[in-house]
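Here are the chains, one letter per residue:
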Amino acid sequence: GYVGTAFAYVVNRQTGEVHEWTKTLPLGVGLKIAPNSIDGLSEIRWRGWGAISFYNDSLSGERRIEIDLEAEGDKPALHVNFRIEDNAKEPQPVVVVQRLAEGRWLYTHKCYGLAAGGRVRCGELDSYSEMGQALAGVDWNRGYRLNETFWNWAAATGRSKDGRTVGFNLTAHDP
């Protein structure tokens, strides 16, 4: 409730070029959070910066990501339109509710290895993937964290040499 934060990164694996967009909004002005992790819209929209929108529809099993961030300085504009298939069964998500302290709780919904496809445009990079060519992960959190929170986090999704989908999300949390 005190601030809203959003970020996007693009790494061009061929050139090694990395771009980062970050926005912190006081009191979460310009930020919408979906009512839950499987339905609704989560979005950050700020004039002069752009927008990041996540649409979730549990009935169709579809998640969509739309990003339109403006160029700033030596950073090019970023445009993303991706679709993610999430039927909540394969792969099966991990959903946890944790009591952190009196009056403080955390809900998290994590799932990696989801079929995805769409387009990413950033400067000279224009990349398109058919549905299922790309893989995605969902990491949705909501709650009342402690004023000071620290964790180590690693997450990835990909394919093994024999073509199987592999995904993980590892967190070491120190309340």
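Report follows, based on the coordinates.

Conventions we followed
Residues numbered from 1 in each chain as written. Predicted model: local features only at pLDDT ≥ 70, side-chain atom pairs only at ≥ 80, totals over all residues. Heavy atoms only, no water. Salt bridge = Lys/Arg side-chain N within 4 Å of Asp/Glu carboxyl O. Helix = DSSP H or I, 4+ residues; strand = E, 2+ residues; numbered from the N terminus. Buried < 20%, exposed > 50% of the residue type's maximum accessible area, 1.4 Å probe, protein only. Polar contact = N/O pair within 3.5 Å; in protein donor to acceptor, adjacent residues only side chain to side chain. Contact = heavy atoms within 4.5 Å. Core = buried A, V, L, I, M, F, W, Y, C linked by side-chain atoms within 4.5 Å. Phe/Tyr/Trp six-rings, centres within 6.5 Å; stacked < 30°, edge-to-face > 60°. Lys NZ or Arg CZ within 6 Å of the ring centre and 35° of its normal. Pairing = 2+ DSSP bridges. Patch = residues over 30% accessible without salt bridge, like charges linked within 9 Å, V, L, I, M, F, W, Y side chains within 5 Å. Areas by Shrake-Rupley, 256 points an atom, 1.4 Å probe, with all protein chains shown as cover.

1. Comments concerning the pattern of salt bridges
In step 1: A full pass over the atoms with the stated rule returns twelve salt bridges.
In step 2: Between glutamate 43 and lysine 32 there is a salt bridge, with the nearest N and O atoms lying 3.8 Å from each other. Here glutamate 43, found in strand S4 (residues 40-46), pairs with lysine 32, found in strand S3 (residues 31-32); they are eleven residues apart in sequence, far enough to count as distant.
In step 3: Glutamate 43 gets classed as buried once you look at its relative accessible area, which sits at 8%.
In step 4: A relative accessible area of 47% places lysine 32 in the partly exposed class.
In step 5: As a salt-bridge pair, glutamate 62 and arginine 64 come within 3.6 Å of each other at their nearest N and O atoms.
In step 6: By relative accessible area, which is 26% here, glutamate 62 ends up partly exposed.

2. Points about the environment of arginine 104
In step 1: With respect to the element layout, arginine 104 can be found in strand S9 (residues 104-122).
In step 2: Residue classification places arginine 104 among the partly exposed positions, given a relative accessible area of 26%.
In step 3: Separated by 40 residues in sequence, arginine 104 and tyrosine 144 have C-alpha atoms that sit 5.0 Å apart.
In step 4: Separated by 2.3 Å, the side chain of arginine 104 and the backbone oxygen of arginine 145 make a polar contact.

3. Points about the side chain of glutamate 43
In step 1: Of the polar contacts made by the side chain of glutamate 43, one reaches the side chain of arginine 45; its length is 2.8 Å.
In step 2: Side-chain polar atoms of glutamate 43 contact the side chain of serine 53, separated by 2.6 Å.
In step 3: The contact partners of glutamate 43, leaving out residues within four places of it in the chain, are Gly30, Leu31, Lys32, Ile52 and Ser53.

4. What to know about the nonpolar core
One recurring pattern in soluble globular proteins is that nonpolar side chains are buried together.
In step 1: With 25 residues, the main nonpolar core has Trp21, Trp49, Ile52, Ile67, Leu69, Leu78 and Phe82 as its most contacted residues.
In step 2: Looking at which element gives the most residues to this core, the answer is S9, with five residues.
In step 3: Non-local contacts of isoleucine 67, meaning those with residues more than four positions away in its chain, are made with Ala51, Ile52, Leu78, His79 and Val80.

5. Here's the deal with the packing of aromatic side chains
To describe a pair of aromatic rings, one takes the distance between the centres and the angle between the planes.
In step 1: Considering all chains together, one arrives at three aromatic pairs under this definition.
In step 2: Here the aromatic rings of tyrosine 107 and tryptophan 140 are separated by 6.0 Å at their centres, their planes lie at 80°, and the arrangement is edge-to-face. Residue tyrosine 107 is located in strand S9, and its partner tryptophan 140 is located in strand S10 (residues 125-143); the two are separated by 33 residues in the primary sequence.
In step 3: Its relative accessible area of 12% is what places tryptophan 140 among the buried residues.
In step 4: Just above the ring of tyrosine 55 sits the side chain of arginine 64; from NZ or CZ to the centre is 4.3 Å.

6. So, the pairing of S4
In step 1: Across two bridges, S3 lies against S4 in antiparallel orientation. By the bridge assignment, leucine 31 is partnered in S4 with isoleucine 44.
In step 2: Where S4 meets strand S5 (residues 50-57), seven bridges bridge the pair, whose relative direction is antiparallel. Bridging across to S5, arginine 45 finds its partner in alanine 51.
In step 3: What sits between S4 and S5 in their antiparallel hairpin is a turn of three residues, with glycine 48 showing a positive phi close to 90°.

7. Comments concerning a nonpolar patch on the surface
In step 1: Nonpolar side chains collect at one region of the surface, where Phe7, Tyr9, Val11 and Val18 lie side by side and expose about 440 Å² of accessible area between them.
In step 2: With three residues, the single largest contributor to the nonpolar patch is strand S1 (residues 3-11).
In step 3: Mapping phenylalanine 7 onto the fold places it in strand S1.
In step 4: For phenylalanine 7, a relative accessible area of 54% gives the class exposed.

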